[in-house]
Amino acid sequence: MEYYQRLEQGRATRPSDEVLDAIAQVLSLDAVERAYLDSLAHPPTRPVALPTAGEVRPELQRMLTLIDRIPALIKRS
């Protein structure tokens, strides 16, 4: 139970396929839900490049690059 809690909280990394199989079975996940579980457990190693709405100062772009998997917005004033 403690390991599952660490998984939910993002404190455990790279669960094995056996663990993911057990979770999928207990939760009765279908194929689409299982694929989503796999994508959460094994995120891409490179960040996905998103289109930008305009130019951003280099220091702000570096900050955005460093905060992986956290939503962020830069608003011009």
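Up top you'll find the structure we're talking about.
Note that this is a predicted model, so its numbers are computed, not measured. (Residues numbered from 1 in each chain as written. Predicted model: local features only at pLDDT ≥ 70, side-chain atom pairs only at ≥ 80, totals over all residues. Heavy atoms only, no water.)

Trainee: Describe in detail the overall build of the protein chain, supporting the description with residues and values.
Mentor: The helix and strand tally for the protein chain stands at four helices and zero strands. Taken over 77 residues, the protein chain has a buried fraction of 12%. Expressed as a percentage of contacts within the protein chain between residues at least 6 apart in sequence, the contacts between residues at least 24 apart total 21%. For the protein chain, the exposed area adds up to about 7100 Å²; of that, 57% sits on carbon and sulfur atoms. (Helix = DSSP H or I, 4+ residues; strand = E, 2+ residues; numbered from the N terminus. Buried < 20%, exposed > 50% of the residue type's maximum accessible area, 1.4 Å probe, protein only. Contact = heavy atoms within 4.5 Å. Areas by Shrake-Rupley, 256 points an atom, 1.4 Å probe, with all protein chains shown as cover.)

Trainee: A description of the layout of surface pockets should follow, citing residues and the corresponding values.
Mentor: Empty space among the atoms becomes apparent when a probe as large as a water molecule is rolled across them. Within this model, the second largest pocket holds a volume of roughly 550 Å³. Around the second largest pocket, the lining comprises 19 residues; the ones closest to its centre are L7, A12, P15, L40 and A41. Every element with two or more residues in the lining of the second largest pocket is listed here: helix 1 (2-8), helix 2 (17-26) and helix 3 (31-41). Of the residues forming the lining of the second largest pocket, the biggest block, five residues, is contributed by helix 3. Its residues assigned to classes, the lining of the second largest pocket shows 13 nonpolar, two polar and four charged. (1 Å grid on protein atoms, 1.4 Å probe; cavity = no way out; pocket = protein on both sides within 12 Å on 5 of 7 lines; lining within 4 Å. Points joined across faces, edges and corners; volume = space filled by probe spheres on them. Nonpolar A, V, L, I, M, F, W, Y, C, P; charged D, E, K, R; others polar.)

Trainee: So what's going on with helix 2? Residues and values would help.
Mentor: Listed in full, the buried residues belonging to helix 2 are L20, I23 and A24. Axial view of helix 2: buried residues confined to an arc of 100°, hence all on one face. Of the exposed residues in helix 2, those oriented more than 90 degrees away from the buried face are E18, Q25 and V26. Elements that come into contact with the buried residues of helix 2 comprise helix 1 and helix 3. A positive backbone phi angle near 55° is found at S28, which sits one or two residues after helix 2. (Arc of directions from axis to C-beta.)

Trainee: Could you give an account of the pattern of salt bridges, naming the residues involved and the relevant values?
Mentor: Under the criterion given, the structure shown has four salt bridges. Between R6 and E2 there is a salt bridge, with the nearest N and O atoms lying 3.6 Å from each other. Of this pair, R6 and E2 both sit in helix 1, four residues apart, which is roughly one turn of the helix. We classify R6 as partly exposed; its relative accessible area is 26%. Of the charged contacts, one joins R34 and D38 as a salt bridge, the two residues approaching to 3.1 Å between their closest N and O atoms. Of this pair, R34 and D38 both sit in helix 3, four residues apart, roughly one helical turn. Three or more residues joined by partner-sharing salt bridges are found here, namely D21, R34 and D38. (Salt bridge = Lys/Arg side-chain N within 4 Å of Asp/Glu carboxyl O.)

Note that every value here comes from positions in space, so none of it alone points to a role or purpose.
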